[in-house]
Amino acid sequence: MKKRDRAENYKDPDTARKAWTNFVAGSVGGAGSTSLSHPLDSVKVKMQTFPQLYNGGLHCMKEVMQKDGIRGLYRGLTPGVILSMTEASIRYMTYGICQDIVRKALSVETSEKMTLLHNALAGGLTGFLATFASCPIELVKCRMQGMLEITAAKRAALESERPIAMRGPAGVLVHVLRTDGLRGLYHGFSSNIARNTPGEMVFFATYEQCRFFIKRPGQVKDDIGPLGSFFCGSCAGIAYWVSIYPLDSVKSRVQILSSEGKVQGLWHTFWSILRAEGVKKLYHGVGYSIPRAIIGSGSHFVFYDTTRKILLRDLTS
């Protein structure tokens, strides 16, 4: 099929095929992007949760490396990759399904003809639904990244009473279940919903709109190539983090510090930070989210779009 005919003749894969394709592509994208951006993500989480310990990103990196070596920045990388693969596969599978729900509900012929508002609605629905599966994953990831900063006495108590609690994601999971039950896996659920619903609206709307703007006449959005995917993914990642960073800061504190019983949920934590530390602390570490967004989201969509195009090659050729 000639490229000038692509836009006119484009057909979406059926919902089931789109779902499993997005699941696999999301998994590949999650593995690739997390491997590249994990140190910056660790710095972000540490600065959000323990702002009193770090004056900035470089200071955080220096302190972590002095106390824990270079491995401190990569602590939790392997489980982080596994968790990211799981989270991303669920996220993109859900987005494909939600995109079809919105498209069919509003009588839009193909996803190529969906507007900024259509994609924002699909993204918001994705953020809401995917949180039910991603909240436990996010909790385990955040607690592993913040483990170094938990007080020595608390860590000693945890290790003496429940040694498995400090041994990777399975240990963290077992510890949460033993201490708080199944409900403990959903510490920070409301803050995840508050972050993910508007965040995914901005994220997917920005990505799809950027793809629309840079594609050439007669092309479809899948024709933009790896550099285009990196650019659009970077723009989406930056828009996402700038728009929801304060909510992400609250979420990180809720999910990490809930292990010590120091917080009581979304709004309590939000107002506590405002009263005790000021608005500035809600944005502590935001500067490191920009390069993280460029590296993480940009590379993610290169892996994701390339994999998806291979799996749908009979429709994209």
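Bear in mind that the values here come from a model prediction, so they are computed numbers and not experimental data.

Caption draft 1: Summary view of the packing of helix 8 (residues 189-214) against helix 11 (residues 286-311). Where helix 8 meets helix 11, the closest approach of the two axes is 14 Å, and the angle between their N-to-C directions is 65 degrees. With respect to each other, helix 8 and helix 11 are oriented roughly perpendicular. The two elements helix 8 and helix 11 cross, and the hand of that crossing is right-handed. Here Phe203, Tyr207 and Arg211 of helix 8 come into contact with helix 11, specifically with Ser297, Phe301 and Asp305. Broken down by class, the residue content of the contact of helix 8 with helix 11 amounts to three nonpolar, one polar and two charged.

Caption draft 2: Just unusual backbone geometry, in detail. Positive phi, normally seen in glycine, also occurs at Ser107, with a value near 60 degrees. Note that Ser107 resides in the loop between helix 4 (77-105) and helix 5 (116-145).

Caption draft 3: The arrangement of the pattern of salt bridges in detail. Counted under the stated rule, the structure contains twelve salt bridges. Salt-bridge contacts for Asp12 lead to Arg103; the nearest nitrogen and oxygen are separated by 3.8 Å. With Asp12 in the loop between helix 1 (3-9) and helix 2 (15-49) and Arg103 in helix 4, the pair connects residues that are 91 residues apart, well separated along the chain. Among the salt bridges present, the one from Glu208 reaches Lys221, with a minimum N-O distance of 3.0 Å. Residue Glu208 is found in helix 8, and its partner Lys221 is found in the loop between helix 8 and helix 9 (225-257); the two are separated by 13 residues along the sequence. Looking at Glu208, the relative accessible area reads 5%, which means it is buried.

Analysis parameters
- Residues numbered from 1 in each chain as written.
- Predicted model: local features only at pLDDT ≥ 70, side-chain atom pairs only at ≥ 80, totals over all residues.
- Heavy atoms only, no water.
- Axes fitted to C-alpha atoms, helices over the stretch in contact; angles between N-to-C directions.
- Helix = DSSP H or I, 4+ residues; strand = E, 2+ residues; numbered from the N terminus.
- Parallel < 35°, antiparallel > 145°, perpendicular 65-115°, else oblique.
- Left-handed = near helix turned anticlockwise from the far one by under 90°.
- Contact = heavy atoms within 4.5 Å.
- Nonpolar A, V, L, I, M, F, W, Y, C, P; charged D, E, K, R; others polar.
- Salt bridge = Lys/Arg side-chain N within 4 Å of Asp/Glu carboxyl O.
- Buried < 20%, exposed > 50% of the residue type's maximum accessible area, 1.4 Å probe, protein only.

Read these as spatial facts, not as claims about activity.
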